[in-house]
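Structure assessment
Given next are the chains, with one letter for each unit.
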Amino acid sequence: MHRLSTIAALAAAFAFATPAIAADARSPDTTLSFKSADGKTTLTGYFWNAKRAGARPAVVLMHGCGGAYSSGADSFDAATVASQYREWGGRLSAAGYGVLLVDSFGPRGHGGGVCDIPYEDRPAKLNEVTVRPLDAIGALQALRKQDRVRQRPVALVGFSNGGSAVLSTVAKTGPTVWKKNAAKPSPWFAGTAAFYPGCGLQGDFNGEWEPTIPTHLFVGTADTTTPPSPTCDARYTEALERQAPAMMATYLGATHGFDRASSGKTDFARAANAAAKASALATMDTLLRSWLRKP
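Attention here is on the structure that accompanies the text. Note that the coordinates shown come from a computational prediction; the quantities given were computed from them, not determined experimentally.

Time to look at the nonpolar core. Grouped together as the largest cluster of nonpolar side chains are 42 residues, with contacts concentrated most on F34, V60, L143, V154, F189 and W209. The leading source of residues in this core is helix α3 (residues 132-143), at 7 residues. The residues contacting V60, other than those within four sequence positions of it, are L100, V102, A139, L143, V154, A155, L156, V157 and F189.

Here's what the structure looks like:
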């Protein structure tokens, strides 16, 4: 339960070209349909099989405000899943995990994302604090029906808007926020990670955000889309005050979306993002092994 302040060796990072999409990036193996726990929405999910035999632990991915697909895609299907998620899916499946990317927006009529819609005008049916946690629960329930997952442990990882959904999903008082008297499936998620989330959470958890399972935030000091200060700092402090299992890694100079290939508009930002990405991936490897047991 401590904060990791990661001041990357930027001078060293400048010596390396920002990596292109990792060689293990690939399209999902299967398209799934399953119910959100909202009780009314049939969601689409994209599943990468673990590249190891037998029942495997799994990871649920929650996309950001841009949606699950490549920018400008003419269709919304497995072939157009955004490179960011193809990279995560390929990398994690190669490491021995099943991976399920949840499309929260496409089935609700916004496959192209909502980043261009002013926040206050975004449809309530896409709310990351009160609705998308129910999609995460639906994904967990869907994985329990997969022969290669079943009762193996499952982690939850979200990005930006999806990271906010993660923070709401794991909050102790979450059920009273996203659905009165909602029941959490058992077994529950084993651990969660939120990359550059918006931590305001619409004021629903101010002063009392408390994750019930290990939760790790990854943020960059140069993020101007969802600045980590003061809201993420406040959420993290709230968790520590309650001795909750929270950690936060802060990367100097890293911008929003630092895990994407070639992210950053300047040489400094690209170097900072490359260093942050390398550190975050190494941390995630350690966390997943801890949460899900060595695959």
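There's plenty left to go through after this.
Turning our eyes to something else, we now look at the pattern of salt bridges. Within the structure shown, the criterion is met by 9 salt bridges. A salt bridge links D29 to R26, with the nearest nitrogen and oxygen atoms 3.0 Å apart. Residue classification places D29 among the partly exposed residues on the basis of a relative accessible area of 36%. Here E238 and R235 are joined by a salt bridge, their closest N and O atoms 2.7 Å apart. Of this pair, E238 and R235 both sit in helix α6 (residues 231-241), 3 residues apart, which is roughly one turn of that helix. Bridged by salt links that share partners, the residues D38, R108 and D135 form one connected network.

Once that is clear, we can look at the packing of aromatic side chains. Inspection of the entire model under this criterion finds 12 aromatic pairs. Arranged with centres 5.4 Å apart and planes meeting at 70°, the rings of W88 and F195 form a pair that is edge-to-face. One end of the pair, W88, is in helix α2 (residues 83-94); the other, F195, is in strand β7 (residues 191-195), and 107 residues separate them in sequence. On the accessibility criterion, W88 (2% relative accessible area) is buried. Relative accessible area serves as the criterion here: at 0%, F195 is assigned to the buried category. In this structure an aromatic cluster arises from ring pairing among Y85, W88, F159, F195, Y196, F218, Y251 and F258. Across the ring face of W88, the terminal group of R91 is positioned such that the distance to the ring centre comes to 5.1 Å.

Conventions we followed
- Residues numbered from 1 in each chain as written.
- Predicted model: local features only at pLDDT ≥ 70, side-chain atom pairs only at ≥ 80, totals over all residues.
- Heavy atoms only, no water.
- Core = buried A, V, L, I, M, F, W, Y, C linked by side-chain atoms within 4.5 Å.
- Buried < 20%, exposed > 50% of the residue type's maximum accessible area, 1.4 Å probe, protein only.
- Helix = DSSP H or I, 4+ residues; strand = E, 2+ residues; numbered from the N terminus.
- Contact = heavy atoms within 4.5 Å.
- Salt bridge = Lys/Arg side-chain N within 4 Å of Asp/Glu carboxyl O.
- Phe/Tyr/Trp six-rings, centres within 6.5 Å; stacked < 30°, edge-to-face > 60°.
- Lys NZ or Arg CZ within 6 Å of the ring centre and 35° of its normal.

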